[in-house]
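Descriptive structure summary
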Amino acid sequence: MLVTLLVSLLVSSVFATEKDSALPRLTDTKAVEAFIDSADVVVIGFLEGEESRGYQELVAAAKRVDSVPVAICTEKEVWADHSISSDTITLFRKVDNHQENLVLSDAKKLDTDGLVNFITINEIRFITEYSQVNAVGLFGSEVKTHLLLFVNRGTKHFTELKERLGALAPEFTGKFLFVLINGALKSNAKAVGYFGLKSKDLPRVGIYDAQSDMKWLLPEGELSTERVRDFCQSFLKGELKEVKQAGAEAKSEL
(Lines give C-alpha, C1' and ligand atoms only; values in the text may rest on other atoms or scores of the structure.)
Protein backbone atom coordinates (compact mmCIF):
# COMPACT_ATOMS: atom_id res chain seq x y z
CA MET A 1 0.00 0.00 0.00
CA LEU A 2 2.80 2.41 0.94
CA VAL A 3 4.75 1.54 -2.21
CA THR A 4 1.67 2.17 -4.36
CA LEU A 5 1.13 5.53 -2.68
CA LEU A 6 4.76 6.56 -3.22
CA VAL A 7 4.65 5.56 -6.89
CA SER A 8 1.41 7.48 -7.34
CA LEU A 9 2.90 10.59 -5.75
CA LEU A 10 6.03 10.31 -7.91
CA VAL A 11 4.02 9.99 -11.12
CA SER A 12 1.84 12.97 -10.12
CA SER A 13 4.92 15.02 -9.38
CA VAL A 14 6.52 14.21 -12.74
CA PHE A 15 3.25 14.97 -14.56
CA ALA A 16 2.89 18.29 -12.75
CA THR A 17 6.48 19.25 -13.60
CA GLU A 18 5.94 18.45 -17.28
CA LYS A 19 2.65 20.34 -17.28
CA ASP A 20 4.16 23.38 -15.58
CA SER A 21 7.03 23.49 -18.09
CA ALA A 22 4.81 23.28 -21.17
CA LEU A 23 3.75 26.32 -23.15
CA PRO A 24 0.21 26.66 -24.55
CA ARG A 25 -0.05 25.36 -28.13
CA LEU A 26 -1.76 27.39 -30.82
CA THR A 27 -2.96 25.07 -33.57
CA ASP A 28 -4.58 27.34 -36.15
CA THR A 29 -4.84 30.90 -37.39
CA LYS A 30 -7.84 31.76 -35.23
CA ALA A 31 -6.04 30.59 -32.08
CA VAL A 32 -2.96 32.67 -32.95
CA GLU A 33 -5.00 35.79 -33.67
CA ALA A 34 -7.01 35.37 -30.46
CA PHE A 35 -3.79 34.97 -28.46
CA ILE A 36 -2.23 38.09 -30.03
CA ASP A 37 -5.40 40.03 -29.22
CA SER A 38 -5.49 38.80 -25.60
CA ALA A 39 -2.92 41.26 -24.19
CA ASP A 40 -0.96 44.43 -24.97
CA VAL A 41 2.18 42.33 -25.52
CA VAL A 42 2.50 38.60 -26.26
CA VAL A 43 5.26 36.27 -27.41
CA ILE A 44 4.84 33.27 -29.70
CA GLY A 45 7.51 30.70 -30.40
CA PHE A 46 7.04 29.59 -34.00
CA LEU A 47 8.99 26.37 -33.49
CA GLU A 48 8.84 22.91 -35.03
CA GLY A 49 8.40 21.30 -31.61
CA GLU A 50 9.48 21.06 -27.99
CA GLU A 51 12.79 19.58 -29.09
CA SER A 52 13.61 22.64 -31.17
CA ARG A 53 16.49 24.92 -30.30
CA GLY A 54 15.18 27.71 -28.11
CA TYR A 55 12.12 25.94 -26.70
CA GLN A 56 13.49 25.23 -23.21
CA GLU A 57 15.04 28.70 -23.05
CA LEU A 58 11.65 30.19 -23.99
CA VAL A 59 9.91 28.21 -21.24
CA ALA A 60 12.44 29.49 -18.69
CA ALA A 61 12.15 33.07 -19.96
CA ALA A 62 8.35 32.91 -19.75
CA LYS A 63 8.59 32.11 -16.05
CA ARG A 64 10.86 35.09 -15.43
CA VAL A 65 8.79 37.58 -17.45
CA ASP A 66 5.37 36.45 -16.26
CA SER A 67 3.70 39.72 -17.24
CA VAL A 68 3.88 38.66 -20.90
CA PRO A 69 1.81 35.68 -22.14
CA VAL A 70 3.91 33.15 -24.09
CA ALA A 71 2.75 30.33 -26.39
CA ILE A 72 4.08 28.05 -29.12
CA CYS A 73 2.85 27.39 -32.66
CA THR A 74 4.19 24.38 -34.58
CA GLU A 75 1.82 24.61 -37.57
CA LYS A 76 3.90 25.91 -40.48
CA GLU A 77 0.87 26.82 -42.58
CA VAL A 78 0.02 29.33 -39.82
CA TRP A 79 3.56 30.73 -39.78
CA ALA A 80 3.09 32.09 -43.31
CA ASP A 81 0.32 34.40 -42.07
CA HIS A 82 3.04 36.32 -40.21
CA SER A 83 5.76 36.03 -42.88
CA ILE A 84 7.71 33.46 -40.87
CA SER A 85 9.55 30.68 -42.71
CA SER A 86 11.88 29.19 -40.07
CA ASP A 87 12.05 28.76 -36.29
CA THR A 88 11.42 32.24 -34.87
CA ILE A 89 10.46 33.73 -31.52
CA THR A 90 8.18 36.69 -32.13
CA LEU A 91 6.91 39.48 -29.90
CA PHE A 92 3.62 41.13 -30.91
CA ARG A 93 2.49 44.42 -29.38
CA LYS A 94 -0.67 46.43 -29.90
CA VAL A 95 0.57 49.93 -29.09
CA ASP A 96 2.27 50.37 -32.49
CA ASN A 97 1.01 47.20 -34.21
CA HIS A 98 4.58 45.93 -34.20
CA GLN A 99 5.96 42.44 -34.78
CA GLU A 100 9.53 41.92 -33.53
CA ASN A 101 11.12 38.72 -34.87
CA LEU A 102 14.06 36.85 -33.38
CA VAL A 103 15.05 34.43 -36.14
CA LEU A 104 16.86 31.61 -34.38
CA SER A 105 19.07 30.68 -37.33
CA ASP A 106 20.52 34.20 -37.14
CA ALA A 107 21.18 34.03 -33.40
CA LYS A 108 24.80 33.12 -32.66
CA LYS A 109 23.99 32.71 -28.95
CA LEU A 110 20.63 31.72 -27.52
CA ASP A 111 20.06 31.52 -23.78
CA THR A 112 17.39 32.37 -21.24
CA ASP A 113 18.98 35.68 -20.23
CA GLY A 114 19.07 36.75 -23.86
CA LEU A 115 15.39 35.93 -24.37
CA VAL A 116 14.41 37.76 -21.18
CA ASN A 117 16.34 40.78 -22.47
CA PHE A 118 14.64 40.51 -25.90
CA ILE A 119 11.19 40.49 -24.29
CA THR A 120 11.93 43.22 -21.74
CA ILE A 121 13.44 45.63 -24.27
CA ASN A 122 10.45 45.28 -26.60
CA GLU A 123 7.71 45.12 -23.94
CA ILE A 124 6.07 48.42 -24.88
CA ARG A 125 2.48 48.73 -23.67
CA PHE A 126 -0.33 51.26 -24.06
CA ILE A 127 1.32 53.00 -21.13
CA THR A 128 4.89 51.97 -20.38
CA GLU A 129 6.91 52.92 -17.32
CA TYR A 130 10.23 54.28 -18.59
CA SER A 131 13.46 52.48 -17.71
CA GLN A 132 16.98 52.34 -19.11
CA VAL A 133 16.16 48.86 -20.46
CA ASN A 134 12.96 49.59 -22.37
CA ALA A 135 14.32 52.93 -23.61
CA VAL A 136 15.85 50.93 -26.46
CA GLY A 137 12.44 49.65 -27.51
CA LEU A 138 10.74 53.02 -27.01
CA PHE A 139 13.17 54.93 -29.19
CA GLY A 140 13.40 52.03 -31.66
CA SER A 141 9.66 52.09 -32.35
CA GLU A 142 8.37 53.49 -35.63
CA VAL A 143 6.13 55.73 -33.50
CA LYS A 144 8.40 58.67 -32.71
CA THR A 145 6.09 60.85 -30.63
CA HIS A 146 5.77 60.25 -26.89
CA LEU A 147 3.03 61.45 -24.56
CA LEU A 148 4.83 61.64 -21.22
CA LEU A 149 3.20 61.37 -17.81
CA PHE A 150 5.58 62.66 -15.13
CA VAL A 151 4.40 61.46 -11.72
CA ASN A 152 5.99 60.32 -8.47
CA ARG A 153 5.35 56.71 -7.56
CA GLY A 154 3.84 56.44 -4.10
CA THR A 155 1.72 59.59 -4.37
CA LYS A 156 -2.08 59.55 -4.45
CA HIS A 157 -2.00 60.56 -8.12
CA PHE A 158 0.14 57.69 -9.38
CA THR A 159 -2.27 54.80 -9.90
CA GLU A 160 -5.22 56.99 -10.86
CA LEU A 161 -3.31 58.86 -13.56
CA LYS A 162 -1.62 55.74 -14.89
CA GLU A 163 -5.00 54.05 -15.33
CA ARG A 164 -6.61 57.18 -16.80
CA LEU A 165 -3.97 57.70 -19.44
CA GLY A 166 -3.66 53.98 -20.07
CA ALA A 167 -7.35 53.96 -20.98
CA LEU A 168 -6.85 56.93 -23.32
CA ALA A 169 -3.78 55.53 -25.09
CA PRO A 170 -5.60 53.11 -27.47
CA GLU A 171 -7.27 56.13 -29.11
CA PHE A 172 -3.82 57.16 -30.34
CA THR A 173 -2.47 53.77 -31.46
CA GLY A 174 0.25 54.28 -34.04
CA LYS A 175 0.44 58.03 -33.29
CA PHE A 176 1.79 58.27 -29.73
CA LEU A 177 3.58 56.05 -27.28
CA PHE A 178 2.29 56.82 -23.77
CA VAL A 179 5.21 56.75 -21.35
CA LEU A 180 5.14 57.09 -17.56
CA ILE A 181 8.23 58.60 -15.97
CA ASN A 182 8.55 58.07 -12.23
CA GLY A 183 9.90 61.37 -10.93
CA ALA A 184 10.73 59.82 -7.55
CA LEU A 185 13.65 57.91 -9.10
CA LYS A 186 16.99 59.71 -9.14
CA SER A 187 17.80 57.93 -12.40
CA ASN A 188 14.90 59.80 -14.03
CA ALA A 189 16.02 63.25 -12.88
CA LYS A 190 17.56 63.95 -16.30
CA ALA A 191 14.31 63.16 -18.11
CA VAL A 192 12.29 65.31 -15.69
CA GLY A 193 14.81 68.15 -15.89
CA TYR A 194 14.81 67.95 -19.69
CA PHE A 195 11.31 69.46 -19.49
CA GLY A 196 12.42 72.12 -17.00
CA LEU A 197 10.73 70.28 -14.14
CA LYS A 198 11.66 68.98 -10.72
CA SER A 199 10.11 66.15 -8.73
CA LYS A 200 8.18 68.65 -6.59
CA ASP A 201 6.44 70.01 -9.72
CA LEU A 202 4.73 66.73 -10.57
CA PRO A 203 2.39 65.40 -11.81
CA ARG A 204 2.64 66.97 -15.28
CA VAL A 205 2.10 65.84 -18.85
CA GLY A 206 4.32 66.59 -21.84
CA ILE A 207 4.88 65.62 -25.46
CA TYR A 208 8.27 64.76 -26.96
CA ASP A 209 8.62 64.44 -30.74
CA ALA A 210 11.82 62.58 -31.59
CA GLN A 211 11.70 63.46 -35.29
CA SER A 212 11.82 67.20 -34.68
CA ASP A 213 13.52 66.91 -31.25
CA MET A 214 10.85 69.25 -29.85
CA LYS A 215 8.96 69.09 -26.57
CA TRP A 216 5.95 70.75 -24.97
CA LEU A 217 4.26 70.76 -21.57
CA LEU A 218 0.53 70.75 -20.99
CA PRO A 219 -0.15 73.90 -18.92
CA GLU A 220 -0.66 73.30 -15.21
CA GLY A 221 -4.13 72.19 -14.17
CA GLU A 222 -6.24 69.08 -13.86
CA LEU A 223 -4.86 66.16 -15.86
CA SER A 224 -8.27 65.07 -17.10
CA THR A 225 -8.82 62.71 -20.01
CA GLU A 226 -10.33 65.56 -22.03
CA ARG A 227 -7.38 67.94 -21.50
CA VAL A 228 -4.80 65.29 -22.39
CA ARG A 229 -6.81 64.19 -25.43
CA ASP A 230 -7.04 67.80 -26.64
CA PHE A 231 -3.28 68.22 -26.05
CA CYS A 232 -2.57 65.20 -28.25
CA GLN A 233 -4.96 66.41 -30.92
CA SER A 234 -3.31 69.84 -30.91
CA PHE A 235 0.01 68.22 -31.71
CA LEU A 236 -1.48 66.09 -34.50
CA LYS A 237 -3.08 69.20 -36.04
CA GLY A 238 0.27 70.99 -35.97
CA GLU A 239 -0.94 73.60 -33.51
CA LEU A 240 1.90 73.12 -31.03
CA LYS A 241 4.58 74.21 -33.48
CA GLU A 242 3.83 77.82 -32.60
CA VAL A 243 3.86 77.11 -28.86
CA LYS A 244 7.02 77.74 -26.81
CA GLN A 245 8.92 74.56 -26.07
CA ALA A 246 9.29 73.20 -22.55
CA GLY A 247 12.64 73.32 -20.79
CA ALA A 248 15.66 75.42 -21.46
CA GLU A 249 17.35 73.53 -24.29
CA ALA A 250 16.72 70.70 -26.71
CA LYS A 251 18.63 67.43 -26.53
CA SER A 252 18.29 64.26 -28.55
CA GLU A 253 17.63 61.75 -25.83
CA LEU A 254 16.14 61.30 -22.37
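Residues numbered from 1 in each chain as written. Predicted model: local features only at pLDDT ≥ 70, side-chain atom pairs only at ≥ 80, totals over all residues. Heavy atoms only, no water.

1. A look at the packing of helix α7 (residues 157-168) against helix α9 (residues 225-236)
Contact geometry of α7 with α9 gives a least axis separation of 10 Å together with a crossing angle of 50°. One finds that α7 runs oblique with respect to α9. Crossing geometry of α7 relative to α9 is assigned as right-handed. Each of Arg164, Leu165 and Leu168 in α7 lies in contact with α9, whose residues at this interface are Thr225, Val228 and Arg229. Broken down by class, the residue content of the contact of α7 with α9 amounts to three nonpolar, one polar and two charged. (Axes fitted to C-alpha atoms, helices over the stretch in contact; angles between N-to-C directions. Helix = DSSP H or I, 4+ residues; strand = E, 2+ residues; numbered from the N terminus. Parallel < 35°, antiparallel > 145°, perpendicular 65-115°, else oblique. Left-handed = near helix turned anticlockwise from the far one by under 90°. Contact = heavy atoms within 4.5 Å. Nonpolar A, V, L, I, M, F, W, Y, C, P; charged D, E, K, R; others polar.)

2. Side note on the sheet that holds strand β5 (residues 127-129)
Read across the open sheet, the five strands follow the order β5-β7-β6-β8-β9; overall the sheet is mixed. Only two strands of the sheet have a single partner each, and these edge strands are β5 and β9 (214-217). The mean inter-strand angle of the sheet, taken between neighbouring strand axes irrespective of direction, is 25°. As defined by bridge partners, β5 adjoins strand β7 (residues 177-182) across three bridges and the pair is classed as parallel. (Pairing = 2+ DSSP bridges.)

3. Topic: the confidence of the model for the protein
Mean pLDDT over the protein stands at 89; residues scoring 70 or higher make up 89%. Note on residues 1-20: pLDDT is under 50 here. Beyond four places in sequence and across chains, it has one contact. Every residue in residues 248-254 scores below 50 in pLDDT, and together they form 18 contacts with partners more than four places removed in sequence or on other chains. (pLDDT = per-residue confidence, 0-100.)

4. A word on the nonpolar core
Ranked by internal contacts, the top residues of the largest apolar core, which has 43 residues, are Leu147, Leu149, Phe178 and Val205. Taken together, the elements giving at least two residues each to this core come down to α6 (135-140), β6 (145-151), α7, β7, α8 (189-194), β8 (204-209) and α9. Ignoring sequence-local partners within four residues, the contact set of leucine 147 consists of Leu165, Phe176, Leu177, Phe178, Val179, Val205, Gly206, Ile207, Val228, Phe231 and Cys232. Formed by 21 residues, the second largest nonpolar core is a distinct cluster that contains Leu58, Val68, Leu115 and Phe118. (Core = buried A, V, L, I, M, F, W, Y, C linked by side-chain atoms within 4.5 Å. Buried < 20%, exposed > 50% of the residue type's maximum accessible area, 1.4 Å probe, protein only.)

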